[in-house]
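# Commentary on secondary and tertiary structure
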There are 2 protein chains.
Amino acid sequence: MMQEDFSRERLLLAVDCIVFGFDGEFLKVLLIKRGFEPEMGKWSLVGGFLQTNEVLEDAATRILSQYTGLSDIYMEQVATFSKIDRDPEDRIVSTAYYALIDIHKHSQKLSRQFSAQWFNIEDFPPLIFDHGEMVAAALKRLRTKAQTEPVGFELLPKKFTMRQLQTLYEAIWNVTLDKRNFSSKIRSFNFLEKLNEKDKSTSRKGAFLFRFDAEEYDKQERSRTTLNL
Amino acid sequence: MMQEDFSRERLLLAVDCIVFGFDGEFLKVLLIKRGFEPEMGKWSLVGGFLQTNEVLEDAATRILSQYTGLSDIYMEQVATFSKIDRDPEDRIVSTAYYALIDIHKHSQKLSRQFSAQWFNIEDFPPLIFDHGEMVAAALKRLRTKAQTEPVGFELLPKKFTMRQLQTLYEAIWNVTLDKRNFSSKIRSFNFLEKLNEKDKSTSRKGAFLFRFDAEEYDKQERSRTTLNL
DNA sequence: CCAAAAGTGTTGACCGTACACCCATGC
DNA sequence: GCATGGGTGTACGGTCAACACTTTTGG
C-alpha cells in the first residue's frame, strides 16, 4: 500500500449474505423484508456491518446465525461491491458471501421474526441497493464451484436419494439431465456411500438413500479436474 | 444490512494489485520495494487506499497507472482480505485485484522510481503482510479464468507467434503442451487471425504472427463452455 | 393388476492425447 | 549444406450423450 500521496478516509464495511437453499424442486434464496430504514419494507439480503474485532468470515458467520439460527455452514466469499451510492445514506462498501444450507434446518422462529422468505432463484422480487447484482454474482460462483467441487451436498440432508441429488444439480444449472448418465457418472466418483435404507415417501418401490463420503472424497484430492456432471 | 444491533465502526479499505506479466518464458509478478514504513525495504504488491469518491475498480486502475504508467488494462477483482492484524499499524481491510499487462509496455522510469522488479511467479521473495496469500489467490483465479476465457492475450503484444502463445499457457499452468495439439485446438476456435507477417527473431524460417480477433470471439459468445487447452 | 417411480447398459460420436517427419532459411 | 526452429496429420482410447425397458409395491 502506498501511504504518501493519498488521504486515508475511513468507511463502513458491510457483509451481505446470499443464502441458498433447495426445497427438493427449486434452488431458493433467502430474503428478508427490511424492518428498518432506509428502504423499510423492501426485500433485501441478510447483512450487517463488519466489526473492528472480527474478520469478514466471522461477520458472515455471525449474520447467518442471527438470521437463520444455523452455524457450521458452508460459505464462500463472492466479491466486494463498492458503488458510491449503493447505499443512499452513507458510503458503505459491502462484501458478499454466499452460504449453502439445508433448507429444512432453517429456523422458523427467526424466519417469522425477520419476515424472511424463500424465493426461487429464477423468480425473486426486486431487491434494495445492488443486492440483485450480488445474487447474480453469487449464483454464477455457485454454478462454477459446483462444476469442480461437490458443494451440492451442503444443500441436501445428510441422507438423500439419487433423484434428489439430480434434481438439485438440474436446479443449480437450470438444465435437465439423463438419470442413467447422471447416476453412473456420480457413482463413478466413488464418493457416495449407498445406504441400506430406502426413502419411500415418493414411490411405492422406494429409493435407496446415499450419503456423501467426505473422507473418500478427500482421499482422491489429487488427480481430479472437474466433476462435469 | 442490519443496522439495529451493531455499531458502525469505520475502517480503512485498501486495494492491492497483483500485476502479472509474461517475458516470453515465465509468468512474472511485479513487486516493489517499499519506500515507507511500516516494513520499509521489504517487497510488497503495489497498492493504495480507496478514496471515498471512487469505486474499487477505479482505485485499482489509479494505482496501476501510478506504478506502471499503463491504462486500459485488463483487471479482475480477486477477493477481500480482512485479517485483524494483517497490517500491524492499523485495521486495514484490503481488496486484491489482478492485472494482466504486456510486460514490455511497463514504464522503466516508474519502475526505477518505485524500485519495482519482475519476479517469476514460481520464485519470488517473501512479501509483507498477507501479500503472499494474495498472489496465490490471484494466480489461482488467473488459472481458472484462463480455462474458460482467452485472457492470455492480455499478456502478449498485439501480434504474437503460436509458440509464444503456447509458452504463455505453459507458464500459466506450469505444464508442457504438445505444439501440434495446441495449435490445432487454438485454431479450431477461429478467433485468431493469421497475419501475413513473420517474426524472424527466433528462427531463420520465421514464425507467422497472429492477432486475437476479439470481434470474432464475441460473436461466438453463445455455445461456448471451456477452452480446455 | 395397475400406476408410478426406481433402477440399470449399450452404442456411436466426439474430443483429447500421443506421436514423427518435412520445410524454409540464414549462415 | 546444415543446423535451427516452424509447421502439419493420423490413429487410438476414453468420455459424453442418446436412448427404453424391467422391477417393485401400495393401493
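Residues numbered from 1 in each chain as written. Chains lettered and ligands numbered in written order. Predicted model: local features only at pLDDT ≥ 70, side-chain atom pairs only at ≥ 80, totals over all residues. Heavy atoms only, no water.

An unreviewed UniProt entry lists chain A under the name ADP-ribose pyrophosphatase YjhB (NUDIX family), with Neolewinella xylanilytica as the source organism.

### Let's talk about the overall build of chain A
Keep this limit in mind: Helical segments are the DSSP runs of H or I of at least four residues, strand segments are the runs of E of at least two, and each set is numbered from the N terminus. Burial classification: accessible surface area is computed with a 1.4 Å probe over protein chains only, and a residue below 20% of its type maximum counts as buried, one above 50% as exposed, and the rest as partly exposed. Contacts are assigned to residue pairs with any non-hydrogen atoms lying within 4.5 Å of each other.
Helix and strand counts for chain A come out as six helices and ten strands. Split into buried and exposed, the 229 residues of chain A put 52% on the buried side. Long-range contacts, defined as pairs at least 24 residues apart, comprise 67% of the intrachain contacts of chain A with a sequence gap of at least 6.

### Description of the sheet that holds strand E10 (residues 207-212) of chain B
Residues and elements named next belong to chain B. To be explicit about the condition: DSSP-based pairing: two strands are paired if at least 2 bridges between them are found. Under this scheme, a helix contributes an axis fitted over its contacting stretch, all axes are lines through C-alpha atoms, and angles between N-to-C directions fall in the 0 to 180 degree range.
Taken in spatial order, the three strands line up as E8-E10-E9 in an open sheet, and their pairing is antiparallel. One side of each edge strand has no neighbouring strand; the edge strands of this open sheet are strand E8 (159-161) and strand E9 (192-199). Here the strands of the sheet are splayed against their neighbours by 40 degrees on average, with no regard to which way each runs. The sheet contacts of helix H4 (residues 162-173) involve E8, E9 and E10, and relative to E8 the element is tilted by about 80 degrees.

### Quick word on the pairing of strand E6 (residues 92-100) of chain B
Residue and element names in this part refer to chain B. When you tally the buried positions in E6, you get nine out of nine residues, the bulk of the element. With nine bridges connecting them, strand E1 (residues 12-22) and E6 associate as parallel partners. Among the inter-strand pairings, Leu12 is bridged to a residue of E6, identified as Ile92. Sheet topology places strand E5 (residues 74-81) next to E6; seven bridges connect them, and they run antiparallel. Bridge pairing in E6 links Glu76 to Tyr98.

### Digging into the protein's contact with DNA strand C
Our working rule: Residue proximity to a molecule or strand is established when one non-hydrogen atom of the residue lies within 4 Å of it. As used in this structure description, the phrase polar contact means that two N or O atoms lie within 3.5 Å; if the pair is within protein, one of them must be able to donate a hydrogen and the other to accept it, and residues adjacent in sequence are counted only when both atoms belong to side chains. Each residue is assigned to one class: nonpolar for Ala, Val, Leu, Ile, Met, Phe, Trp, Tyr, Cys and Pro, charged for Asp, Glu, Lys and Arg, and polar for all the others, Gly among them.
Residues in close proximity to DNA strand C total 20 residues, the closest being Lys179(A), Arg180(A), Arg180(B), Asn181(B) and Lys185(B). Among atoms of DNA strand C positioned within 4 Å of the protein, sugar and phosphate together represent 39%. Here Lys179(A) contributes a side-chain N or O atom positioned 2.8 Å from a base nitrogen of DNA strand C. Contact distances for DNA strand C include 2.8 Å between a base nitrogen and a side-chain N or O atom of Asn181(B). Of the residues contributing to the surface near DNA strand C, the split by class is two nonpolar, six polar and twelve charged.

### A closer look at the UniProt feature "domain: Nudix hydrolase" (unreviewed entry) in chain A
Worth spelling out the cut-off: UniProt positions are given in the numbering used here, feature names are shortened, and annotations may be inferred rather than shown by experiment.
The UniProt record marks residues 10-142 of chain A with the feature "domain: Nudix hydrolase" (unreviewed entry), using the residue numbering of this structure. Helix and strand shares over residues 10-142 of chain A are 23% and 35% respectively, and the end C-alpha atoms of the span are 32 Å apart.

### Describing the interface of chain B and chain A
Selection criterion: Accessible-area loss on putting two parts together, using a 1.4 Å probe and summing over both, is the definition of buried area adopted here. When a carboxyl oxygen of Asp or Glu lies within 4 Å of a side-chain nitrogen of Lys or Arg, that pair is called a salt bridge.
Taken together, the contact pairs 52 residues of chain B with 52 residues of chain A. Roughly 4500 Å² is buried in total at the junction of chain B and chain A, and carbon and sulfur atoms are behind 54% of that figure. Along the contact surface separating chain B from chain A lie four salt bridges. Asp90(B) is paired through a salt bridge with Arg8(A); the nearest N and O atoms lie 3.9 Å apart. Put simply, the parts of the chain that give the side of chain B that touches chain A at least two residues each are E1, strand E4 (46-49), helix H1 (56-68), E5, E6 and helix H3 (131-148) of chain B. Of all the elements, H1(B) adds the most residues to the side of chain B that touches chain A, at five residues.

### Looking at the pattern of salt bridges
Residue and element names in this part refer to chain B. Under the defined criterion, the tally for this structure stands at 31 salt bridges over all chains. Ionic pairing is found between Arg86 and Asp130, a salt bridge with its closest N-O pair at 2.7 Å. Of this pair, Arg86 sits in the loop between E5 and E6 while Asp130 sits in the loop between strand E7 (116-120) and H3; the two residues are 44 residues apart in sequence, bridging distant segments of the chain. In this pair, the class of Arg86 matches that of Asp130, namely buried. Each member of the salt-bridge network shares a partner with another, and the members are Glu76, Arg141, Lys145 and Glu149.

### Section: the nonpolar core
Threshold: Among the buried residues, those of types Ala, Val, Leu, Ile, Met, Phe, Trp, Tyr and Cys that are joined through side-chain atoms within 4.5 Å form a nonpolar core.
Val15(A), Cys17(A), Val19(A), Val15(B), Cys17(B) and Val19(B) are the most contacted members of the largest nonpolar core, which totals 51 residues. What Val19(B) contacts, discounting residues up to four positions off in sequence, is Lys28(B), Val29(B), Leu30(B), Val46(B), Leu64(B), Ala99(B), Ile101(B) and Trp118(B).

### Notes on the environment of Phe124(B)
Residues and elements named next belong to chain B. Within the element layout of this structure, Phe124 appears in the loop between E7 and H3. Judged by its relative accessible area of 26%, Phe124 falls in the partly exposed class. For the pair Phe124 and Leu31, spaced 93 residues apart in the sequence, the C-alpha separation amounts to 8.9 Å. Setting aside chain neighbours within four positions, we find Phe124 in contact with Val29, Leu31, Phe119 and Val135.

### A short note on the packing of H4(B) against helix H5 (residues 179-188) of chain B
All names here are of chain B. Rules: When describing relative orientation, an angle under 35 degrees is termed roughly parallel and one over 145 degrees roughly antiparallel, while 65 to 115 degrees is termed roughly perpendicular and anything else oblique.
Two elements in contact, H4 and H5, have axes separated by 11 Å at closest approach and are oriented at 100 degrees. Here H4 is positioned roughly perpendicular relative to H5, judged by the angle of their axes. Counted together, Met162, Arg163, Leu165, Gln166 and Tyr169 of H4 and Lys179, Phe182, Ser183, Ile186 and Arg187 of H5 form the full contact between these two elements. Classifying every residue of the contact of H4 with H5 by side-chain character gives five nonpolar, two polar and three charged.

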